[in-house]
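Inside the fold
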Amino acid sequence: MTGTATAPPNGARTDVLVVGAGVAGCAAALAAARTGAEVTVVTKASRPADANTYWAQGGVAVATEDSASFRRDVLAAADGEADPEAVEALVSESRDAVADVLVDTLGVPFDRAEDRTGTADPADARLDALARCREGGHSADRIVHVDASTGAHLLPPFLDYLDGLAGVRLLQDTAVLDLLGNGAGVDGALLERGGETGTVAAGSTVLATGGIGACYGTSTNPDGATGDGIAMAALAGATVADAAYVQFHPTAFPGGEAAEAADVDGDADPFLVSEAVRGAGAVLRNADGERFMPAVHEDAELAPRDVVARAVADERRETGSVVLDVDGIGFADRFPDLASMCAERGLDPSTGIPVAPAQHFLCGGVAVDERGRASIDRLFAVGECSRTGVHGANRLASTGLLEGLVWGLRAGETAAAESDPPGAALSVPDLPSDDPELPTSFEAAKFDRLRRTMDERLGVERTRSGVRNAAASLRRLKGEVDAYARTRRSRELSELRNAVVCGLLIARDAAESPSAGCHRLVDGGVAETDGAPRSDGGRSGSTGVRGPRGGDEGC
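Since the structure is predicted, the reported quantities are computational estimates derived from the model, not experimental observations. (Residues numbered from 1 in each chain as written. Predicted model: local features only at pLDDT ≥ 70, side-chain atom pairs only at ≥ 80, totals over all residues. Heavy atoms only, no water.)

1. Examining the sheet that holds strand β16 (residues 365-367)
Taken in spatial order, the 3 strands line up as β9-β16-β18 in an open sheet, and their pairing is mixed. Each end of this open sheet is capped by a strand with a single partner; those strands are β9 (240-241) and β18 (386-387). As paired elements, β9 and β16 share 2 bridges and run antiparallel to each other. Bridge pairing in β16 places Ala241 opposite Gly365. Against the sheet, helix α6 (residues 228-235) touches β9 and β16, its axis set at about 45° to β16. (Pairing = 2+ DSSP bridges. Helix = DSSP H or I, 4+ residues; strand = E, 2+ residues; numbered from the N terminus. Contact = heavy atoms within 4.5 Å. Axes fitted to C-alpha atoms, helices over the stretch in contact; angles between N-to-C directions.)

Listed below in structure tokens is the structure:
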């Protein structure tokens with residue numbers, strides 16, 4: 001990868017600026033470069049493993065001959081809150097996007113099935129030999145994968161391919177501190193690397209910054225998932241929608257007390273146990289050895305993620321623990337990467353893998369249209385930081401990489417076509433002269449407060465009073481962070497500000513929204529289920545969560 005200089009570029013110009021280098025950012029950069037545009041990709045990651053995409057296990061859902069069932073599955077998982085037109089775009093473009101980019105261009109070594117026969121359609125022919133599995137919420141085998149570590153086999157070759165294109169400049173270990181513009185649109189960004197700052201002017205800016213896992217104490221996301229794109233877009237005046245829909249993966253090995261109960265070191269690192277393991281026949285058992293999911297949902301362990309996550313949380317609370325029973329499915333042979341993770345931690349999977357819900361994915365984000373355009377000029381958003389309308393109130397398994405790929409290609413092409421570079425040099429706002437001394441361990445202490453609030457009040461299940469208390473607490477926390485973030489520029493403070501802004505966006509949307517999907521409101525232990533979906537695929541009060549540039553009152 002390029003971008004090894006110690007200082008960021010200053011006064012640079014580009015047709016398309018892409019912020020983030022997971023599958024969505026890479027797809028946007030590829031599509032823009034294919035038009036002949038000059039593209040700059042900026043990522044604060046210094047290695048592929050710093051991106052959410054790298055850790056994607058299950059795979060990429062691809063429409064089979066029965067595309068109607070794929071549409072139905074996405075809509076059903078979304079609990080009535082998805083945009084049908086967005087879902088149609090995802091499903092109808094899935095085959096060509098996967099065949100073109102992942103198979104033909106990158107040569108991702110997907111697992112193969114020897115018994116598939118060819119068809120006349122070119123896209124079908126390229127996908128014919130790929131093995132397909134099933135995960136929760138899917139009614140058919142349609143997920144192409146590489147063992148249980150698809151992202152690790154997809155992202156490195158994607159980055160290498162972009163790095164070899166003459167029209168693409170890839171800057172790693174470079175953070176975007178703020179979006180810059182005239183108040184009506186985005187004209188570029190303020191960058192930071194190695195403690196130094198610089199600017200890049202752009203005709204279009206595409207945000208592809210991933211998720212918000214750093215807001216929570218336990219998450220499947222890498223540490224750098226601080227919600228940067230969502231927060232910066234909101235502070236610039238862009239609409240954020242459906243932030244209440246925070247998805248929790250039901251089967252993460254949590255470490256800590258659960259590890260100690262399994263005679264494993266409590267300091268053992270948590271890890272995600274792919275939904276594909278349940279698709280292969282693994283079952284969930286409580287501390288009494290009872291399989292409980294058949295009594296919860298007709299699809300048992302393959303119910304939508306929000307349903308399984310709540311059931312696992314309930315059983316852990318009532319019986320003390322939950323394990324994933326992988327006996328009889330050929331776990332080590334079918335999932336060698338996961339078997340290695342167990343072995344590294346001294347965990348014997350034959351006795352059951354301890355699991356608990358962990359924050360996994362934000363279904364909402366920067367509100368965008370069918371081409372990835374945000375609500376302010378020259379700004380686009382793709383991937384997890386965007387709200388396309390595909391996921392509604394709950395994401396269907398293995399549609400995250402697909403959405404990033406499909407909308408990345410769409411947005412990159414449109415961003416290049418509509419690129420309008422600013423005529424004047426970018427101006428960076430001056431910092432106030434009063435610069436209070438930053439307390440020792442300021443960022444760590446504030447992050448700890450943020451995560452406690454999110455875990456306790458905005459988790460798998462929520463109460464209205466808890467949500468209101470969270471919003472009040474986060475509003476105070478944002479004020480404390482702003483007092484220092486306004487007077488200095490640093491990556492650490494920027495990430496803290498962004499994470500707190502995202503937490504507040506989640507709390508505000510949760511306070512205004514009816515119970516649905518992974519935003520489950522309970523009152524006295526009884527779930528509220530009477531929320532009516534909005535006609536535009538979101539929910540009343542989920543849009544308009546935004547703030548003026550500078551971000552005083554809007555977030």
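2. Here we look at the sheet that holds strand β12 (residues 283-286)
Pairing is antiparallel across the open sheet formed by 3 strands, whose spatial order is β12-β13-β14. The sheet is open, and its two edges are formed by β12 and β14 (353-354), each paired on a single side. Examined bridge by bridge, strand β13 (residues 322-325) and β14 share 2 bridges and lie antiparallel to one another. Of the residues in β14, the one forming a bridge with Leu324 is Ile353. Lying over the sheet, helix α9 (residues 305-319) contacts β12 and β13, oriented at roughly 25° with respect to β12.

3. Overview of the nonpolar core
In terms of nonpolar packing, the biggest core is built from 98 residues, with Leu102, Phe158, Val277 and Phe331 touching the most fellow members. Filtering out sequence-adjacent residues up to four positions away, Phe158 remains in contact with Val23, Cys26, Ala27, Leu30, Val101 and Leu106. Of all hydrophobic cores here, the second largest spans 64 residues; its members include Ala236, Leu450, Ala471 and Leu493. (Core = buried A, V, L, I, M, F, W, Y, C linked by side-chain atoms within 4.5 Å. Buried < 20%, exposed > 50% of the residue type's maximum accessible area, 1.4 Å probe, protein only.)

4. Considerations on helix α12 (residues 400-417)
Compared with the 26 Å implied by 1.5 Å per residue over 18 residues, the 26 Å span of α12 between its first and last C-alpha is a close match. Counted residue by residue, α12 has 16 buried out of 18 residues, so it is predominantly covered. (Expected span 1.5 Å × (residues − 1).)

5. Concerning unusual backbone geometry
Phi is mostly negative for residues that are not glycine, and the peptide bonds are mostly trans. The phi torsion at Asp242 lies on the positive side, around 60°, for a residue other than glycine. Topologically, Asp242 is positioned in the loop between β9 and β10 (246-253).

6. With respect to the packing of helix α13 (residues 442-457) against helix α15 (residues 491-512)
Between α13 and α15, the least distance of the axes is 10 Å, while the angle of their chain directions is 15°. As the angle between them shows, α13 and α15 are arranged roughly parallel. Remark: the crossing between α13 and α15 carries left-handed chirality. On α15, the residues touching Phe442, Glu443, Lys446, Phe447, Leu450 and Met454 of α13 are Glu492, Leu493, Glu495, Leu496, Ala499, Val500, Gly503 and Ile506. Among the residues making up the contact of α13 with α15, the classes are represented as 9 nonpolar, 1 polar and 4 charged. (Parallel < 35°, antiparallel > 145°, perpendicular 65-115°, else oblique. Left-handed = near helix turned anticlockwise from the far one by under 90°. Nonpolar A, V, L, I, M, F, W, Y, C, P; charged D, E, K, R; others polar.)

7. Some words on the environment of His360
Along the chain, His360 turns up in strand β15 (residues 356-362). When neighbours within four sequence positions are excluded, His360 is seen to be in contact with Thr220, Asn221, Gln247, Phe248, His249, Leu272, Arg305, Glu384 and Arg395.

8. A word on the pattern of salt bridges
Overall, the coordinates contain 29 salt bridges when judged by the stated rule. Measuring nitrogen to oxygen at the nearest pair gives 3.8 Å for the salt bridge that ties Arg520 to Asp79. Residue Arg520 is found in strand β20 (residues 520-523), and its partner Asp79 is found in the loop between α2 (67-77) and α3 (84-105); the two are separated by 441 residues along the sequence. Judged by its relative accessible area of 34%, Asp79 falls in the partly exposed class. The partner of Arg371 in a salt bridge is Glu413, with the nearest N and O atoms 2.9 Å apart. Of this pair, Arg371 sits in the loop between β16 and β17 (379-381) while Glu413 sits in helix α12, and the two are 42 residues apart along the sequence. (Salt bridge = Lys/Arg side-chain N within 4 Å of Asp/Glu carboxyl O.)

9. Topic: the packing of aromatic side chains
Counted according to the given criterion, the structure contains 5 aromatic pairs. Measuring from ring centre to ring centre gives 5.5 Å for Tyr216 and Phe248, while their planes differ by 90°; the resulting arrangement is edge-to-face. One end of the pair, Tyr216, is in the loop between β8 (196-207) and α6; the other, Phe248, is in strand β10, and 32 residues separate them in sequence. Pair check on accessibility: Tyr216 and Phe248 agree, each one buried. Where Phe331 meets Phe335, the ring centres are 6.1 Å apart and the plane angle is 40°; that geometry is what we call tilted. For the pair shown, Phe331 and Phe335 are each scored as buried. One cation-aromatic arrangement involves Arg410 over Trp407; the distance from NZ or CZ to the ring centre is 5.3 Å. (Phe/Tyr/Trp six-rings, centres within 6.5 Å; stacked < 30°, edge-to-face > 60°. Lys NZ or Arg CZ within 6 Å of the ring centre and 35° of its normal.)

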